[in-house]
Every structure is written in structure tokens, then in C-alpha cells.
Amino acid sequence: MKRLIIASLVILLCGTVLFTSSHGIPTESEVKEPEIICFTDMSGDYLFIQNFSETERMARSLRDYLGDNRIQIQTSVPENAVYYAESTWAPERAAALLGGKNCCVEAWDIFKNGEFQKTSYLAGRT
């Protein structure tokens, strides 16, 4: 299902977002490998790489928008979530989603034929 969601993001190819983090360098045990999905169709080769920095920024901005540091925000969107995908991040849109009480967010960098196209944003409720 996630591959289908990611493949549908190909339609939203425009814009970019740049985020730099001021956090310290994580230890080797804290470093997670991003998920990478390759997809090929008649128009070319696509590469989707999970963007952890942007996902963390999304979680922080959603928490700030909701005004509650205790809210549960998951940094991946499970397949059973009620979700939406956008080419821009809007915390108010994620907060308005119907579904369960837990929010979930995820960002993906999209490349086509080796060139960066955009960052795509997924948000959901479980």
C-alpha cells in the first residue's frame, strides 16, 4: 500500500523545501537508515527517499500548532491511517483530518531520472 501511495506522489512533482537541523550529531546507535523505494514507469526512473529531518520538522510544527506537547505524533504513516499527501506542509490541514486520536507524519524526497524533483508530505490519523 505504501508503494502505491508513494507512486501516486509522482503526480505532485513541483517545489522543494530545505531544512537544516541544529541538533547535535547522533551516535551510531541512534542513526536510522531511511527507507528507499525505486519505481520505474514509461516516463522514467523514480527514487523515493524518506526524509527524517523534514519529518521531525513536521512533527514539531504540528505539535506547536496544536499547542500540546503531550500529543502523540508518530513519525511514520501506517497503511491503516486516514491520510493525505501534499507538495507543501500545512499543520492545520493535518490537524483537521478525521480518524483516530494519534497523528502521524512522514516526508519523502522524490527524484526522477537522478534529478531532485520535490519533497512530498504525508500526514494521517490512526
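Scroll up for the structure.
Undergrad: For this particular structure, what's the right way to read the packing of aromatic side chains?
TA: The way to describe two aromatic rings as a pair is by their centre distance and the angle between their planes. Applying the stated criterion across every chain, the model contains three aromatic pairs. An angle of 20 degrees between the planes, with centres 6.4 Å apart, marks the rings of tyrosine 46 and phenylalanine 48 as stacked. The pair tyrosine 46 / phenylalanine 48 is uniform in exposure class, with both members buried. Taken together, a centroid distance of 5.4 Å and an interplanar angle of 70 degrees make the contact between phenylalanine 111 and phenylalanine 116 edge-to-face. Classification of phenylalanine 111 by relative accessible area gives partly exposed; the value is 23%. An aromatic cluster of at least three residues, connected via ring pairs, comprises Phe39, Tyr46 and Phe48. Over the aromatic face of tyrosine 84 sits the side chain of arginine 93, whose NZ or CZ is 4.5 Å from the ring centroid.

Undergrad: In this structure, what is going on with unusual backbone geometry? I would like to understand it.
TA: Most peptide bonds are trans, and most residues other than glycine sit at a negative phi. Of note, asparagine 113 is a non-glycine position whose phi angle comes to about 50 degrees, a positive value. Residue placement: asparagine 113 occurs in the loop between β5 (103-112) and β6 (115-125).

Criteria and cut-off values
Residues numbered from 1 in each chain as written. Predicted model: local features only at pLDDT ≥ 70, side-chain atom pairs only at ≥ 80, totals over all residues. Heavy atoms only, no water. Phe/Tyr/Trp six-rings, centres within 6.5 Å; stacked < 30°, edge-to-face > 60°. Buried < 20%, exposed > 50% of the residue type's maximum accessible area, 1.4 Å probe, protein only. Lys NZ or Arg CZ within 6 Å of the ring centre and 35° of its normal. Helix = DSSP H or I, 4+ residues; strand = E, 2+ residues; numbered from the N terminus.

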